[in-house]
Amino acid sequence: MSQPRIYSIIDKAVFDYHMIEDGDRILVGASGGKDSTALIQYFANRMRRKDCNFTFTALHIENDFAPGSMSDELRELMKSWGVEVTDYFVDVKNRVKEGFKMSCYWCSQQRRNELVHYALREGYNKIALGHHLDDILETLLMNMLKKGELSTMPPRLNYEKYPLSLIRPLCYVDVQTIIEHAESQGYINTTCTCTYQDNSGRKDARARLEALTKGDRRAKEMLLASLKNINREYLP
């Protein structure tokens, strides 16, 4: 039986950036959304291959204002793949300092920090996140337009302070491919519905990316490729 097309795309990213290596212990962030679910399914499938010599754990971070954010149906689906989701509670809301307000960025940073701390404490050497091609390009546009900076989410980031790497195996996968795969697999998708959401910057970047590429996957791939093909002679 042939593998889903999305796996071939992820395999290429994993190969290009040496994301999975012998002896790896990988901690996968499990949000309950389609992106991280697709990533977890890929890892579960990869574990059944003959070339597998790594282990992984799916970690779901619960917080104080969005309890039970991963459905029982999705947990059961992951069990059918041989994946038991580990839960970890983080009191995000009460960490907000006086004079500041809760935001998606703050919540994301707190959950990311906890993933790092958990990975270091439990002996993992890599953290895998479900950011995809569109996420990376949207961040590129946001940083260019808001910061005047050419930067984005790298497919692989080796921390300087810790014996830990951050990997994004979906970096070559556009969002439409993930949507189609999730629909074909019958994922029960969970999205954040908290009242603190403020994604106006991300939504604006998404609209700009759509206007620039008209949703064409090849155009998005070329944008990502341009970041590795820099002609400094023709730049300021």
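Details of the structure are given in the entry above.
Asker: It is not clear to me how the sheet that holds strand β2 (residues 55-63) should be interpreted in this structure. Could you clarify?
Answerer: Sheet strands pair by backbone hydrogen bonding; their relative direction is either parallel or antiparallel. Read from one edge to the other, the open sheet built from six strands follows the order β3-β2-β1-β4-β6-β5, with strand pairing classed as mixed. The outermost strands of the open sheet, each flanked by one partner alone, are β3 (85-90) and β5 (156-158). Along the sheet, successive strands turn relative to each other by an average axial angle of 25°, direction set aside. Sheet analysis places β2 next to β3, joined by six bridges and oriented parallel. Paired with I61 across the strands is Y88, a residue of β3.

Asker: Teacher, can you tell me more about the packing of aromatic side chains here?
Answerer: To describe a pair of aromatic rings, you give the distance between the ring centres and the angle between the ring planes. One pass over the structure, following the stated rule, counts nine aromatic pairs. Ring plane angle 70° and centroid distance 5.7 Å describe the contact between Y7 and Y42, whose orientation is recorded as edge-to-face. Taken together, the residues Y7 in helix α1 (residues 5-16) and Y42 in helix α2 (residues 34-47) connect sequence positions 35 residues apart. For the pair Y7 and Y42, a shared accessibility class is recorded, and that class is buried. Ring centres of Y42 and F43 lie 5.9 Å apart, and the angle between their planes is 70°; this geometry places the pair in the edge-to-face category. Classification of F43 as buried rests on a relative accessible area of 0%. A network of ring pairs unites the aromatic residues Y7, Y42, F43, F54 and F56 as a single cluster.

Asker: Can you help me understand the packing of α1 against α2 in this one?
Answerer: Angle between the axes and distance between the axes: these two values describe a pair of packed helices. Between α1 and α2, the shortest axis-to-axis distance is 11 Å and the interhelical angle comes to 80°. As judged from the angle between their axes, α1 and α2 are roughly perpendicular. Each of I6, Y7, I10, D11 and V14 in α1 lies in contact with α2, whose residues at this interface are A38, Q41, Y42, N45 and R46. Its residues assigned to classes, the contact of α1 with α2 shows six nonpolar, two polar and two charged.

Asker: I keep staring at the nonpolar core and nothing clicks. Help me out?
Answerer: If you look at the biggest cluster of nonpolar residues, it comprises 45 residues, and the most contacted ones within it are I40, F43 and F56. Of all the secondary-structure elements, those providing two or more residues to this core are α1, β1 (25-29), α2, β2, α3 (72-80), α5 (133-147) and α6 (175-185).

Asker: How should a nonpolar patch on the surface be read in this particular structure?
Answerer: Together, M144, L145, L150, I230 and L235 line one region of the surface with nonpolar side chains, adding up to about 490 Å² of accessible area. Tracing the chain through its elements places L145 in helix α5. A relative accessible area of 54% places L145 in the exposed class.

Asker: I keep staring at unusual backbone geometry and nothing clicks. Help me out?
Answerer: Outside of glycine, negative phi angles account for most residues, and trans bonds account for most peptide bonds. Look at H18: it is not a glycine, yet its phi comes out positive at around 50°. If you trace the backbone, H18 turns up in the loop between α1 and β1. You can call H18 exposed: its relative accessible area is 51%. Of note, K214 is a non-glycine position whose phi angle comes to about 55°, a positive value. As for its position among the elements, K214 is in the loop between α7 (200-213) and α8 (217-226).

Asker: What is the right way to read α5 from this model?
Answerer: Owing to its 3.6 residues per turn, the α-helix brings residues three or four apart onto one side. The end-to-end C-alpha separation of α5 is 20 Å, in line with the 21 Å expected for 15 residues at 1.5 Å each. Inspection of α5 places L133, D134, D135, I136, L137, E138, T139, L140, L141 and N143 among the buried residues, and these make up the whole buried set. The secondary structure elements touched by the buried residues of α5 are α2, α6, α7 and α8. Within two residues after α5, G148 carries a phi angle of roughly 65°, on the positive side.

Asker: Can you help me understand the pairing of β2 in this one?
Answerer: Note on strand geometry: in a regular strand, side chains alternate between the two faces of the sheet. Burial analysis of β2 places eight of its nine residues in the buried class, the great majority of the element. Here five bridges tie β1 to β2, and the two strands are oriented parallel to one another. Residue pairing in the sheet places V28 in a bridge with A58 of β2. Crossover β1 to β2 through α2 is right-handed.

The rules behind the values
Residues numbered from 1 in each chain as written. Predicted model: local features only at pLDDT ≥ 70, side-chain atom pairs only at ≥ 80, totals over all residues. Heavy atoms only, no water. Pairing = 2+ DSSP bridges. Helix = DSSP H or I, 4+ residues; strand = E, 2+ residues; numbered from the N terminus. Axes fitted to C-alpha atoms, helices over the stretch in contact; angles between N-to-C directions. Phe/Tyr/Trp six-rings, centres within 6.5 Å; stacked < 30°, edge-to-face > 60°. Buried < 20%, exposed > 50% of the residue type's maximum accessible area, 1.4 Å probe, protein only. Parallel < 35°, antiparallel > 145°, perpendicular 65-115°, else oblique. Contact = heavy atoms within 4.5 Å. Nonpolar A, V, L, I, M, F, W, Y, C, P; charged D, E, K, R; others polar. Core = buried A, V, L, I, M, F, W, Y, C linked by side-chain atoms within 4.5 Å. Patch = residues over 30% accessible without salt bridge, like charges linked within 9 Å, V, L, I, M, F, W, Y side chains within 5 Å. Areas by Shrake-Rupley, 256 points an atom, 1.4 Å probe, with all protein chains shown as cover. Salt bridge = Lys/Arg side-chain N within 4 Å of Asp/Glu carboxyl O. Expected span 1.5 Å × (residues − 1). Right-handed = clockwise from strand over helix to strand, strands pointing away.

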